[in-house]
Amino acid sequence: MPLLSRLFQALMVALIVGIATFAMMRALPGDAAWRIAAGRYGYDNVNAAAADAVREELGLNGSALPALARWMGDLARLDFGVSLVSGSPVMEEIIHQLGASLQLAIAAVLLSIFIGPPIGILAGLRPGGITDRALLTVSTAFKATPQFLMALVLIVILAVELGWLPAAGYGEARHFLLPALALALGLAAVSARVARDATEQVARSSYWHFAEWKGLSRSQVLWRHGLRNVSVPLLTYLGLQFVTLVEGVVVVESIVGWPGIGHALVHAVFSRDVPMVQGTALVLGLGFVLVNTIIDLALRRIDPRGAA
Amino acid sequence: MNLKFAASLSVLLSLSTPVWAAGDGSLDVVAAFEVVSADPTTSGTIFTNMGIVETLVNADSEGRLYPGLATEWKVSDDKLEWSFSIRPDVQFHDGTPLTAAAAANALNIAKAKPGLLEKALIADITARDGSLIVTLKEPLAALPAYLAEYRSQILAPAAYGPDGQAVNAIGTGPYRVVTMTPPQSVTAEAFPAYWGEKPQIEKASYTAVGRAETRALMAESGDAEFVYGLDPASYTRLSQSDKVNVLKADVPRSLMLKVNAAHPKLNTVEARQALSLAIDRPGLAMAILRYPAAATQLFPPSVGGWHVTALEPLAYDTAKAAEMLAAQGWKAGPDGILERDGERFSLVLTTYPDRPELPLVAAVLEQQFRQIGIEVKIDSTNSSEIPARHAAGTLELGLVARNFALVPDPIGTVLQDYAPNGDWGAMGWNNTEIVDLAKGLARGDGGDESRAKIAGILQAELPVIAIAWYQQTLAVSNTIKGARIDPWERSFGLSDITWAD
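Computed from a predicted model, the values in this text were never measured in an experiment. (Residues numbered from 1 in each chain as written. Chains lettered and ligands numbered in written order. Predicted model: local features only at pLDDT ≥ 70, side-chain atom pairs only at ≥ 80, totals over all residues. Heavy atoms only, no water.)

Draft legend 1. Geometry of the overall build of chain B. For chain B, the helix and strand inventory stands at 15 helices and 21 strands. Over its C-alpha atoms chain B spans a radius of gyration of 25 Å, differing by no more than 12% from the 23 Å that the globule rule assigns to 501 residues. Taken along the three principal axes of its C-alpha coordinates, chain B extends 75 × 75 × 45 Å. Among the 501 residues that make up chain B, the fraction classed as buried is 58%. With an accessible surface of roughly 19500 Å², chain B has 52% of that area assigned to carbon and sulfur atoms. Averaging the positions of the 41 positive and the 58 negative side-chain charges in chain B gives two centres separated by 2 Å. (Helix = DSSP H or I, 4+ residues; strand = E, 2+ residues; numbered from the N terminus. Rg over C-alpha atoms; globule rule 2.2 N^0.38 Å. Buried < 20%, exposed > 50% of the residue type's maximum accessible area, 1.4 Å probe, protein only. Areas by Shrake-Rupley, 256 points an atom, 1.4 Å probe, with all protein chains shown as cover. Lys, Arg positive; Asp, Glu negative; His and termini not counted. Charge placed at Lys NZ, Arg CZ, Asp CG, Glu CD.)

Draft legend 2. Broad picture of the sheet that holds strand S4 (residues 70-75) of chain B. Residues and elements named next belong to chain B. Pairing within the open sheet is antiparallel, and its 4 strands lie in the order S4-S5-S7-S6. Strands with a single pairing partner mark the edges of an open sheet, and in this sheet they are S4 and strand S6 (122-128). Looking at each pair of strands side by side, their axes are set apart by 15 degrees on average, direction ignored. Two strands pair when backbone bridges link them, and strand S5 (residues 81-86) and strand S7 (residues 131-136) are joined in this way by 5 bridges, in the antiparallel orientation. Residue pairing in the sheet places Ser85 in a bridge with Ser131 of S7. Across the face of the sheet, helix H3 (residues 100-111) comes into contact with S5, S6 and S7 while running at roughly 160 degrees to S6. (Pairing = 2+ DSSP bridges. Axes fitted to C-alpha atoms, helices over the stretch in contact; angles between N-to-C directions. Contact = heavy atoms within 4.5 Å.)

Draft legend 3. Quick look at the packing of helix H10 (residues 218-256) of chain A against helix H12 (residues 274-302) of chain A. Residue and element names in this part refer to chain A. Contact pair H10 / H12: the axes reach a minimum separation of 10 Å and the direction vectors enclose 175 degrees. Relative to H12, H10 is oriented roughly antiparallel. Residues Arg228, Ser231, Val232, Leu235, Thr236, Gly239, Phe242, Val243 and Val246 of H10 form the contact with H12, whose participating residues are Phe288, Val291, Ile295, Ala298, Leu299, Arg301 and Ile302. (Parallel < 35°, antiparallel > 145°, perpendicular 65-115°, else oblique.)

Draft legend 4. Here's a closer look at the interface of chain B and chain A. Residue-level contacts link 53 residues of chain B with 49 residues of chain A. Both sides together, the interface formed by chain B and chain A hides about 4100 Å², and carbon and sulfur atoms give 62% of it. Linking chain B with chain A are 2 salt bridges, by the criterion used here. On inspection of chain B and its partner chain A, the count reaches 15 residue pairs in polar contact (both at pLDDT 80 or more). Secondary structure elements with two or more residues in the side of chain B that touches chain A: helix H1 (2-16), helix H2 (40-49), helix H4 (116-119), helix H6 (212-221), helix H12 (385-392) and strand S18 (397-403) of chain B. Here the side of chain B that touches chain A gets 8 residues from one element, more than from any other, and that element is H1 of chain B. Residues belonging to the side of chain B that touches chain A are distributed by class as follows: 22 nonpolar, 16 polar and 15 charged. (Buried area = accessible area lost by both parts, 1.4 Å probe. Salt bridge = Lys/Arg side-chain N within 4 Å of Asp/Glu carboxyl O. Polar contact = N/O pair within 3.5 Å; in protein donor to acceptor, adjacent residues only side chain to side chain. Nonpolar A, V, L, I, M, F, W, Y, C, P; charged D, E, K, R; others polar.)

Draft legend 5. Representation of the environment of Ala144 of chain A within the structure. Residues and elements named next belong to chain A. With respect to the helices, strands and loops of the structure, Ala144 is situated in helix H6 (residues 130-144). Judged by its relative accessible area of 61%, Ala144 falls in the exposed class. In sequence terms Ala144 and Gly186 are 42 residues apart; their C-alpha atoms lie 8.2 Å from each other.

Draft legend 6. Spotlight on the confidence of the model for chain B. Residues and elements named next belong to chain B. Averaged over every residue, the pLDDT of chain B is 91; residues scoring 70 or more account for 95%. For chain B, per-element mean pLDDT is lowest for H1, which scores 45, and highest for S5, which scores 97. A low-confidence stretch, residues 1-22 (pLDDT under 50), is modelled with 24 contacts involving residues beyond four sequence positions or located in other chains. This complex was scored by the predictor with a pTM of 0.85 and an ipTM of 0.83. (pLDDT = per-residue confidence, 0-100.)

Draft legend 7. Representation of the pattern of salt bridges in the model. Residues and elements named next belong to chain A. The full count for this structure, using the stated rule, is 28 salt bridges over all chains. For Arg196, the salt bridge identified is with Glu200, shortest N-O distance 3.2 Å. In this pair, Arg196 and Glu200 both sit in helix H8 (residues 177-203), 4 residues apart, roughly one turn of the helix. Here Arg196 falls in the buried class, since its relative accessible area comes to 10%. A residue is classified by how much of its surface remains accessible, and Glu200, at 21% relative accessible area, is partly exposed. Taken together, the salt bridges that share partners define one network made up of Asp132, Arg196, Asp197, Glu200 and Arg204.

Draft legend 8. Seen up close, the sheet that holds strand S15 (residues 343-344) of chain B. Residues and elements named next belong to chain B. Pairing is antiparallel across the open sheet formed by 3 strands, whose spatial order is S13-S14-S15. Only two strands of the sheet have a single neighbouring strand rather than two, namely strand S13 (331-332) and S15. Here strand S14 (residues 338-340) pairs with S15 via 2 bridges, running antiparallel. Across the sheet, Arg340 pairs through a bridge with Glu343, a residue of S15.

Draft legend 9. Structural context of the pairing of strand S9 (residues 185-190) of chain B. All names here are of chain B. The sheet contact formed by strand S8 (residues 175-181) and S9 spans 6 bridges and is antiparallel. By the bridge assignment, Met180 is partnered in S9 with Val186. Relative to strand S10 (residues 203-208), S9 runs antiparallel, the two sharing 5 bridges. The residue of S10 that forms the bridge with Thr187 is Ser205.

Draft legend 10. Inspection of the environment of Lys320 of chain B at higher detail. Residues and elements named next belong to chain B. Tracing the chain through its elements places Lys320 in helix H10 (residues 318-327). Judged by relative accessible area, which is 42%, Lys320 ranks as partly exposed. For the pair Lys320 and Gln273, spaced 47 residues apart in sequence, the C-alpha separation works out to 9.6 Å.

Draft legend 11. Spotlight on the packing of aromatic side chains. Tallied over the full model, the rule gives 12 aromatic pairs over all chains. A centroid spacing of 5.6 Å and a plane angle of 40 degrees characterise the contact between Tyr43 of chain A and Tyr352 of chain B, whose relative ring orientation is tilted. Linking Tyr43 of chain A in the loop between helix H2 (32-41) and helix H3 (48-58) with Tyr352 of chain B in the loop between strand S16 (346-351) and helix H11 (357-370), this pair reaches from one chain into another. Judged on exposure class, the residue Tyr43 of chain A and its partner Tyr352 of chain B are both buried. Among the aromatic residues, those joined into a cluster by ring pairs are Phe33, Phe226, Tyr228 and Phe492 of chain B. Positioned above the aromatic ring of Tyr470 of chain B is the side chain of Arg355 of chain B, whose terminal nitrogen or guanidinium carbon lies 4.5 Å from the ring centre. (Phe/Tyr/Trp six-rings, centres within 6.5 Å; stacked < 30°, edge-to-face > 60°. Lys NZ or Arg CZ within 6 Å of the ring centre and 35° of its normal.)

Draft legend 12. Representation of the pairing of S16 of chain B within the structure. Residue and element names in this part refer to chain B. Counting buried positions over the 6 residues of S16 gives 5, a clear majority of the element. Here S16 pairs with strand S17 (residues 375-380) via 6 bridges, running parallel. By the bridge assignment for S17, Leu349 is matched with Ile378. A crossover links S16 with its parallel partner S17, the connecting element being H11, and its sense is right-handed. (Right-handed = clockwise from strand over helix to strand, strands pointing away.)

Draft legend 13. Structural view of the nonpolar core. The biggest cluster of nonpolar side chains holds 158 residues, and the ones touching the most others in it are Leu56, Leu132, Tyr206, Leu365 and Leu399 of chain B. If one sorts the elements of this core by residue count, strand S19 (residues 464-477) of chain B sits on top with 9 residues. In contact with Leu56 of chain B, not counting residues within four places along its chain, are Pro67, Gly68, Leu69, Ala70, Ile86, Ala103, Leu107, Leu132, Leu147 and Ile154 of chain B. Grouped together as the second largest cluster of nonpolar side chains are 53 residues, Ile155, Ala167 and Leu181 of chain A together with Val246 of chain B included. (Core = buried A, V, L, I, M, F, W, Y, C linked by side-chain atoms within 4.5 Å.)

Put into structure tokens, the structure is as follows:
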């Protein structure tokens, strides 16, 4: 039943995103033929002849409604069309570029899980202790640092000064660590705080005290009775984080030269590549629905209060 | 739970184990241009620069033409039929031989797309007896230079899809494509059957990185051996590094103000001269571009024949500028901005951020023009707005960077821009003498004298106002030697580079 409602939600998102991007792209000022020509041929070679050629090739003189109907029809057949700039299928470009962004996002989330919650739990077990106070300072500083600055600082330290990691690039495993770390530190800053508060709360609960009273060691209590409870707010937060993460990915991608979806969307908007914009926005929109669904399902399984 | 944990851990480990070490045997090139597709019209410069594809005609660093895939060329007595002898025993990267028919196929496809060939009034391109025959509707002395342009590159017949778009960059160059991952990278390896001298370095890669600061950091960290195009601040910093050498060279590109000469406020030579006199070029070049390349005339010294040392340099004199505007009936209004018949001297300056220095220069010009009472509103937008507003007649001022070497003979650009007007050149301006001189040069009549006359007319009438000349910058790792900058931006010269061991 909840899956069905999510499916309906996904359909609505597809419909709204489809119509909205179409309307917005049409409403943008400036002649699309010129923008596409600039995207294809570069500023030295965009001229009236190139714009005319583009206009004729793509039939841009047609009216809006038939074009919208055609696009929605193609979409129903899962045909995203062809990029107006590069000429390759939109689906292919999205898979490649969204794939690159997803890899980075997943690496960042995993890395943040290994950094944030363990420190947060440690701090939450001894509120007011050294770890707790240090965490407050460091996490505030990291959260307050914009991701582009974090990326630049990491490049300067890890790539230029120490020479441990490549400054930028894409394609090999070693290229992941630096941008993922730049994103993960900001995420970990918050997830550590969330974990710390949740742990503190759990550690004050009666079932925790009962477990200690019956003679379990501190780590046994944590493993058996603490983690599941701590992970509920963490997981909820993780779902929310995906939105911030997409934002951060876009910024960090541009700094480390990562061929991701943010980069693709910005370029597509700039050169009026309508099929690319529509396809990308649609995939991102559906991505949010999917992530929320997964988090919901995971929460239902994990939450000890859940009766389902 | 344990399974998940193990899976996450293994992902993390796989990410962190290969620690970066320099010297992977590949010559890594980084520049700003994106790999859009394999088609010559979109990313053709990348494939020519990387030595993957070649043209019939080549140009040296002075812009002199020499044989490429054509061993020689000659023109008929009526100057309408050109014959290019195709180099024998040349193989494409797919193993097929280069023939005159294959070359004709590539050029006919190029001619059908927007570009210079389309404008060259070519009647016909065919193959005959091992030669490529180009038949013209009107004489064009610079045709060999047109065939040295990146869009005239010769790809194998199998490179093109049914619609004429190239889907694979199958060329004849010293390097062949191994992988191509738009929009970011191309990897290449030496082509064993190359007809010329084989490159010393076996593997090369190209990566597109849009931000100049990131490119500079990649040079500094040793990620890339050949980093093309540095921002001024990074250039200064890298020149102090002992791991990287920086190079710079004058390129035939000018930073200039395109003026709508038909605009009621700008339709006199005096008004345009006043604008020109208000620009402190040396100050602007040093502050923003950080090199002393203030323009004294439109064509930079690297554009041989067109740069005329005898021309009186463009001057900076705000007092004289104010005087000239006063003589045109302009008087200072209450806020210091000039007025005439109740109208303010206010103009919109259109520019584009594709070259990051342009909006900065626009901001300086806004200040400098205000000093003589002209108000400028900056509109930094898509680059296509310059030719689009030109076509609509709505452009007032446009700040642009113009390349005079689209073909190694600037006559190609001059014909497009000033005979009499062009999307990126003069606007609302008509000078029949320039049209005659340029067409004469195109036919092959007249020489440096005609070129100097054209430069003189442009300097006197100012349909565009030159501001600075560009330099190209390059950072190379000290692990390689033999790197240089090609002023015509046709080749990275990778074949001449060796490891410094």
